[in-house]
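Overview (structure and organization)
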Amino acid sequence: MVTYIVQVIKGVGNMPYDGIVANAAVWELSGLLAGGRIEKVYQTERDEITLLIHSMGERFRLLASANATYPRLHLTIGKKENPMNPPPFCMVLRKHLQGGRVVDITQSGYDRIITLTIVKTDEMGDLVKKHLVVEIMGRHSNIILVNDSKTIIDSIKHVDANISSVREVLPLRPYVLPPQMEKQSPEFIDFEKLFNEKPAQRLDKHLVNCIGGFSPFLAMAICNNAEVDPFKNISHLTDCDKLRLKETITETTNNIKERKYSPAIIHGDKVDFHVLSVAHGERTVLFNTVNLMLDEYYTKKDIDEKLNAIRANIQKSVNTAIDRNTKKLAIHEETIREAADYDKYRIYGELLFSNIYNLKEGKYAEVLNYYEDPPIHVKIELDEERSIKNNANRYFNRYKKLKSSYENALNLLEEVKNELFYLENVKTHLENATDFETLEDIRQELYEGGYVKFQTKSRTAKKLETKSKPIHVVSEEGYDIYIGRNNKQNEELSLRFASQNDLWLHVKDAPGSHVIVRTGAKNGVVTQKVIEEAAAYAAFYSSHRTSTNVIVDFTRVKHVRKTPKSKPGMVSYTNHKSIVVKPQEASSQS
């Protein structure tokens, strides 16, 4: 049972920024920001703002996001580039909040609705109170500025009657809280009511629907710790199930009431986070504060999202080129099939000429084919309006045409196969890329190859003053190992950087990185251990990275040659050996 539930936890796809996490974040923010002065307001994204707040002698960056996928509120140490022209909502916030002081930060019960109350002196010299409401509700998330009379001044997302018939969020409309389900507070749980509340449903959903602030992730974690099947219907719980659940939930809620938070990022099949120890897994990274945890988690998510957007844009061009060449491949293969028997028409011409005086004009000519052993009679179709000589010439012309088509298609087929292999290499490097520099290098490589049109570089790309560098790993035995991140790096490593006696490795018959083991400091000697380690890296940084056993070829660099007239990174090699390894990611990268 326990093993089964752990597997369920790993598969949970719900965001763990629940009401409990929000409560912990608010508690921390109140202690740090209450009384602080708002110095600057920025809107760095369409649905995201940052407040620069001076408090207790320090400057804090408070990030509020209404992103549909990653809505949140937390402190951040990251700085994003601001747009040249501030959006209208940013200008409204600057007018009403800049220079004001944060007097309170509150949460609506255990719902993910957080309000910052700000006091600022207006033009008349009077203190005016405003409220910045951050609603964390998935795709319905919003950031709303409200005056003290509960009238909306503006919001980062406008919601009219066409979008929602339940609640409008527009300037000058009264602000009302989103509709909420009636739930028990996690601070005061009536277990008799909890276990008998209707309708009867599966346990994990029941906990989420009945206890404020609980998310599916936290509910699963509680079931796991109590060793109760989360899919079990609430009406089928045994007394032992209820007792274990009560003990686990009580311990959890006591930690909430006593602020015994243990913020951590939990690594499994997917990465999650939470502030309660009940949700921790086997691979857990602890943090000193809730906000540090949130910033670490969402900064990584933000970077991944931007990387994936750039990757998808480049991938689109690569896929287009692959599709185009795949169609070419099919055309050339069809041409080769159709023209494969071109020599038959030369033989027909020869036979007609050798029998020119013995044949009469007609629909067919039946002759002895002496090219076969033993000779056999063949029936050759004739054009009745042509002479035997002209028919022979017609077959010779067809032979020449088909031969030319065949040979041309063979050459073009080889070119297309090489180009497809190159593009599959690019695709593999794209999938393995983990930073903006590597993606920009790949985009530049494709531009130089004519696969992408020239486009103005993004602000992120403009800020990259240096090109990406190969991955560098020092083995346990002190060998320097270098791994190419793209085709240009592969070519640079193998053909210019490496020495003749260095070891070269590459996954067998598949796209992947070139791996170099420097041997100069070891007098050209390589050990079995370093071969296995470098081969594992070659397997990981290839199209076979998810396989269990991968064949990797290795040889000395002196046996590696650039393929004539080929794309970057395309080489041939000889005198190689092979090894079967399990892919392994490089632990230390530079």
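This section reports on the structure supplied with the text. (Residues numbered from 1 in each chain as written. Predicted model: local features only at pLDDT ≥ 70, side-chain atom pairs only at ≥ 80, totals over all residues. Heavy atoms only, no water.)

**Examining the overall build of the protein**
Counting its regular elements, the protein contains 14 helices and 22 strands. Against the 2.2 N^0.38 benchmark of 25 Å for 590 residues, the protein shows a C-alpha radius of gyration of 35 Å, more extended than a compact globule. Relative to its 590 residues, the protein shows a buried fraction of 46%. In the protein, of all internal contacts separated by at least 6 residues, the share reaching a separation of at least 24 is 59%. Accessible area of the protein: about 30800 Å², with a carbon and sulfur share of 49%. If you average the places of the 82 positive and of the 78 negative side-chain charges in the protein, the two averages end up 4 Å apart. (Helix = DSSP H or I, 4+ residues; strand = E, 2+ residues; numbered from the N terminus. Rg over C-alpha atoms; globule rule 2.2 N^0.38 Å. Buried < 20%, exposed > 50% of the residue type's maximum accessible area, 1.4 Å probe, protein only. Contact = heavy atoms within 4.5 Å. Areas by Shrake-Rupley, 256 points an atom, 1.4 Å probe, with all protein chains shown as cover. Lys, Arg positive; Asp, Glu negative; His and termini not counted. Charge placed at Lys NZ, Arg CZ, Asp CG, Glu CD.)

**Comments concerning the sheet that holds strand S12 (residues 283–286)**
As summarised here, the arrangement of the three strands in space is S11-S10-S12, forming an open sheet in which the pairing is antiparallel. At either margin of the open sheet sits one strand with a lone partner, and together these are strand S11 (271–274) and S12. For this sheet the average axis-to-axis angle between neighbouring strands, irrespective of direction, equals 25°. In terms of strand pairing, strand S10 (residues 264–267) meets S11 through four bridges, oriented antiparallel. (Pairing = 2+ DSSP bridges. Axes fitted to C-alpha atoms, helices over the stretch in contact; angles between N-to-C directions.)

**Things to note about the pattern of salt bridges**
All told, the structure shown has 29 salt bridges when counted by the stated rule. Among the salt bridges present, the one from Glu-476 reaches Lys-529, with a minimum N-O distance of 2.7 Å. Taken together, the residues span a long stretch of sequence, with Glu-476 in the loop between strand S15 (471–474) and strand S16 (480–483) and Lys-529 in helix H14 (residues 528–540) at a distance of 53 residues. A single network of salt bridges, built from pairs that share partners, joins Glu-45, Glu-48, Arg-72, Lys-80, Asp-302 and Lys-306. (Salt bridge = Lys/Arg side-chain N within 4 Å of Asp/Glu carboxyl O.)

**Considerations on the sheet that holds S16**
A sheet is described by the order of its strands in space; here six strands give the open sequence S15-S16-S18-S17-S19-S22, paired in antiparallel fashion. The open sheet has two edge strands, S15 and strand S22 (577–581), and neither has a second partner. Recorded for the sheet is a direction-independent mean angle of 25° between the axes of neighbouring strands. The pairing of strand S17 (residues 503–507) with strand S18 (residues 515–517) spans three bridges and is antiparallel. Among the inter-strand pairings, Leu-503 is bridged to a residue of S18, identified as Val-517.

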